[in-house]
Amino acid sequence: FNTNKGSIMASYFIYDSINQYRSDNTVSEGTFSGTTFTASDSLTNHERVADQNIGTAMSGVTANDAICYQVGSAANADALAMRFSGDCGIGVQNGSENTIRFGTALDGLSGAVNFGSGSTVASWRIKTFTEVTNKTKFCVEFNDAQNNISEILIGRKLDFEVEPDVNVQSSIDYENSIQRSLGGVEYALNVNEGQEIHTISFQNISSTFKANLITMQNFLRGESKKFVWNDGTTTHWVRLDKPMTFTEIADGRFSTQIVLRQQIQ
């Protein structure tokens, strides 16, 4: 099917700007004491929060456990998106259930920023902070025992310069393969329940926003990596379905379409 949606407000992307998914980076589990991270076997399946799959979660999270991303080159970030695949297990929250720290050495992490946990259902927790630059260590401490943490994305938040045109489109791609037998009988192969495809259009954006979109696309390596899209109401786990094409409509002004494929996990 194909539907048109109305205007959406306060939309943004959050994407990996620290290259946390590179195979030569180190994702460590451990504990915190003061500002020092110490690696240890404190969690079960800690790699689940760094595999771009929001359907599976780590377990065994208790107070002061932590995840640390050690990236190969200095990076900048100003946002975090934490995915909970179910009930986080915390009934009453005060907004300081988790802390993110940054630095260049595991025994001198600073810039602590607190943020809350999930809810009683599958949900995203988004936290923005003043941009940190030239850091190689990004660590998240769990200040309380929690359940169902399935992904932690650290990167940049890109706010939309203007809201997309009102004709935001969505359709379902069932990825059916129609085959024909030697006798001429047709049959279909269906591999999943279908993925929603969102097409958002901008008719008039600045060269600055264009450059920011290209920067994001470069960090994503095109269709390679998944990222977060919030449409003003709902947070989606998506990837680019194809690279963006920009058309100059006036001096320094551009139009483009962004095609996003909803991720099942």
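As the structure is a computational prediction, the values presented were derived from the model and not from experiment. Think of each chain on its own: its residues are numbered from 1, step by step along the sequence as written. Where totals are concerned, whole chains, interfaces and linings use all residues; where local detail is concerned, this predicted model gives features only for residues with pLDDT of at least 70, and gives and counts side-chain atom pairs only at 80 or more. Side-chain metrics in this entry use all non-hydrogen atoms of the structure; hydrogen atoms and water are not considered.

## Side note on the pairing of strand 7 (residues 110–115)
Filter applied, for reference: The pairing criterion is simple: DSSP has to find at least two bridges between the two strands. Secondary structure counts use DSSP, requiring at least four H or I residues in a row for a helix and at least two E residues in a row for a strand, with both numbered from the N terminus.
The sheet contact formed by strand 6 (residues 98–103) and strand 7 spans four bridges and is antiparallel. Counterpart to Ile100 in the pairing with strand 7 is Val113. Between strand 6 and strand 7, which follow one another and run antiparallel, lie six residues.

## Describing the confidence of the model for the chain
What counts here: What pLDDT expresses is the predictor's confidence in each residue, scored from 0 to 100. Whether two residues are in contact is decided by their heavy atoms, any of which lying within 4.5 Å being enough.
Averaged over every residue, the pLDDT of the chain is 92; the share at 70 or more is 96%. Note that pLDDT drops below 50 for residues 1–8; the model gives that stretch 23 contacts with residues more than four away or on any other chain.

## Observations concerning the environment of Arg22
In plain terms, the rule: Here a polar contact is recorded for every N or O atom pair within 3.5 Å, except that within protein the pair must consist of a potential hydrogen donor and a potential acceptor, and residues adjacent in sequence are included only if both atoms are side-chain atoms.
Relative to the helices and strands, Arg22 resides in the loop between strand 2 (12–16) and strand 3 (26–33). Put simply, Arg22 and Thr136 are 114 residues apart on the chain and 13 Å apart in space, counted from C-alpha to C-alpha. Here Asp24 takes part through its side chain, which lies 2.7 Å from a polar atom of the side chain of Arg22.

## With respect to the pattern of salt bridges
Counted only if it meets this: In the sections that follow, a salt bridge refers to a side-chain nitrogen of Lys or Arg positioned within 4 Å of a carboxyl oxygen of Asp or Glu. Each residue is assigned to one of three classes by its accessible area relative to the maximum for its type, calculated with a 1.4 Å probe on protein chains only: buried under 20%, partly exposed between the two thresholds, exposed over 50%.
Inspection of the entire model under this criterion finds eight salt bridges. Across the salt bridge formed by Asp24 and Arg22, the nearest N and O atoms sit 2.7 Å from each other. The exposure class of Asp24 is exposed, given its relative accessible area of 52%. Since its relative accessible area comes to 45%, Arg22 is described here as partly exposed. Here Asp159 and Lys157 are joined by a salt bridge, their closest N and O atoms 3.2 Å apart. Given the relative accessible area of 43%, Asp159 is considered partly exposed. The class of Lys157 is partly exposed, set by a relative accessible area of 27%.

## Structural notes on helix 1 (residues 207–220)
For an α-helix, the turn length of 3.6 residues means that residues three or four places apart are oriented alike. Keep this limit in mind: Every helix has an expected span of 1.5 Å times one less than the residues it contains. Working note: the arc is built from the helix axis to C-beta atom directions.
Spanning 14 residues, helix 1 covers 20 Å between terminal C-alpha atoms, matching the ideal 20 Å at 1.5 Å per step. Among the residues of helix 1, those classed as buried are Phe209, Leu213, Met216, Gln217, Phe219 and Leu220. End-on view of helix 1: buried residues confined to an arc of 160°, all on one side of the axis. Backbone geometry just after helix 1 places Arg221 at a positive phi near 55°.

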